[in-house]
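Listed below, chain by chain, are the residues.
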Amino acid sequence: MTATPDLGTHRLASPDLLRSVFRQHAAGVAVITARGERPVGFTATSLNSVAAEPPLVSFGIGVSSSSWPVVAESAYVGVHILGEHQAELAARFARSGADRFAPPTAWRTGPEGVPLLDGVLAWLVCRVVARVPAADHRLVVAQAVVGDPSGAGRPEPSGPGRPLLYHQGRFNALRD
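Described in the following lines is the structure provided in the data block.

Parameters at a glance
Residues numbered from 1 in each chain as written. Predicted model: local features only at pLDDT ≥ 70, side-chain atom pairs only at ≥ 80, totals over all residues. Heavy atoms only, no water. Pairing = 2+ DSSP bridges. Helix = DSSP H or I, 4+ residues; strand = E, 2+ residues; numbered from the N terminus. Buried < 20%, exposed > 50% of the residue type's maximum accessible area, 1.4 Å probe, protein only. Contact = heavy atoms within 4.5 Å. Phe/Tyr/Trp six-rings, centres within 6.5 Å; stacked < 30°, edge-to-face > 60°. Core = buried A, V, L, I, M, F, W, Y, C linked by side-chain atoms within 4.5 Å. Axes fitted to C-alpha atoms, helices over the stretch in contact; angles between N-to-C directions. Salt bridge = Lys/Arg side-chain N within 4 Å of Asp/Glu carboxyl O.

Two strands pair when backbone bridges link them, and strand S4 (residues 48–51) and strand S5 (residues 56–62) are joined in this way by three bridges, in the antiparallel orientation. Counterpart to alanine 51 in the pairing with S5 is leucine 56. Counted between consecutive antiparallel strands, the loop separating S4 from S5 contains four residues.

This paragraph deals with the environment of alanine 135. Relative to the helices and strands, alanine 135 resides in the loop between strand S9 (122–134) and strand S10 (137–148). Once the C-alpha coordinates of alanine 135 and valine 63 are considered, the two residues, 72 residues apart in sequence, prove to be 9.2 Å apart.

Moving on, we get to unusual backbone geometry. Cis geometry marks the peptide bond from glutamate 53 to proline 54; its omega dihedral reads -5 degrees. Here the residue pair proline 103 and proline 104 is connected by a cis peptide bond, since its omega of 15 degrees sits within 30 degrees of zero. Structurally, proline 104 can be placed in the loop between helix H3 (87–94) and strand S7 (107–109). Non-glycine residue glutamate 112 carries a positive phi angle of around 60 degrees.

Further remarks concern the side chain of serine 58. Relative to the elements of secondary structure, serine 58 occurs in strand S5. Given the relative accessible area of 7%, serine 58 is considered buried. The residues contacting serine 58, other than those within four sequence positions of it, are Ser46, Leu47, Asn48, Val50, Leu139, Val140 and Val141.

Turning to the packing of aromatic side chains, a few remarks are in order. Taken as a whole and judged by the stated rule, the model has four aromatic pairs. Summarising the aromatic geometry, the rings of phenylalanine 93 and phenylalanine 101 are spaced 5.2 Å apart at their centres and angled 85 degrees between planes, so their arrangement reads as edge-to-face. Taken individually, phenylalanine 93 and phenylalanine 101 each receive the classification buried, so the pair is uniform in this respect. In textbook terms, an aromatic cluster arises when at least three aromatic residues are bridged by ring pairs, as seen for Phe93, Phe101 and Trp107.

So, about the nonpolar core. Counting residues in each nonpolar core, the largest one holds 18 residues, and the members touching the most others are Ile32, Phe42, Val71, Val77, Cys126 and Val140. Breaking this core down by element, the ones donating at least two residues are strand S2 (30–34), strand S3 (40–44), S5, helix H2 (68–73), strand S6 (76–81), S9 and S10. Here valine 77 is in contact with Ile32, Thr33, Ala34, Phe59, Val114, Leu124, Val125, Cys126, Val128 and Ala142, once residues within four sequence places are set aside. In terms of nonpolar packing, the next biggest core, distinct from the first, is built from 14 residues, Leu89, Phe93, Trp123 and Leu164 among them.

On to the sheet that holds S6, then. With antiparallel pairing, the seven strands of this open sheet are ordered in space as S3-S2-S6-S9-S10-S5-S4. Unpaired on one side and paired on the other, S3 and S4 mark the two borders of the sheet. Looking at each pair of strands side by side, their axes are set apart by 35 degrees on average, direction ignored. Lying over the sheet, H3 contacts S2 and S3, oriented at roughly 115 degrees with respect to S3.

Let us look at the pattern of salt bridges. Pairing of side chains with opposite charge becomes possible as their charged atoms draw close. Counted under the stated rule, the structure contains five salt bridges. Among the ionic pairs, arginine 19 bridges to aspartate 16, the shortest N-O distance being 3.2 Å. Of this pair, arginine 19 and aspartate 16 both sit in helix H1 (residues 15–22), separated by three residues, roughly a single helical turn. Taking the relative accessible area as the measure of exposure, arginine 19 reaches 47% and is therefore partly exposed. Among the salt bridges present, the one from glutamate 84 reaches arginine 162, with a minimum N-O distance of 3.7 Å. Here the residue glutamate 84 occupies a position in the loop between S6 and H3, and arginine 162 occupies one in the loop between S10 and strand S11 (164–167), the gap between them amounting to 78 residues. Taking the relative accessible area as the measure of exposure, glutamate 84 reaches 34% and is therefore partly exposed.

Structure representation (structure tokens):
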């Protein structure tokens, strides 16, 4: 067995280490919505495709989030893929205490009563199939039931768009 080479300045695992490492990871930006007495929603960079058959996605949500009580009880959620032109929308849905569905947010009621955001690159309405405890978060697994990969039905047709990314603590556009 060989000795481990010098790994440079390594740090023991901590919340700060995890945040520092993941600042190096560019992630797509989505907004998750659900219907309650009032619609709720939040910005998520943890959206993942889990399986194609059946079509499953997952995302994480903190149990201290103002959206969690509604997501905890909702049978369906909306998943919206944001375009590079939607950094302000992403910031609004990430801001604590904001009235996220007030103007200028454009939205409508979609299938299963889920709030659907206008002008997004693509959207899905998904049936929640599991909520898995993960420390102070829940990993939500949901099965897609209907959606549009082109965001059709939005008032402003935008054609193929470029995704919004989150990197180094900021919303960014994809560069060629």
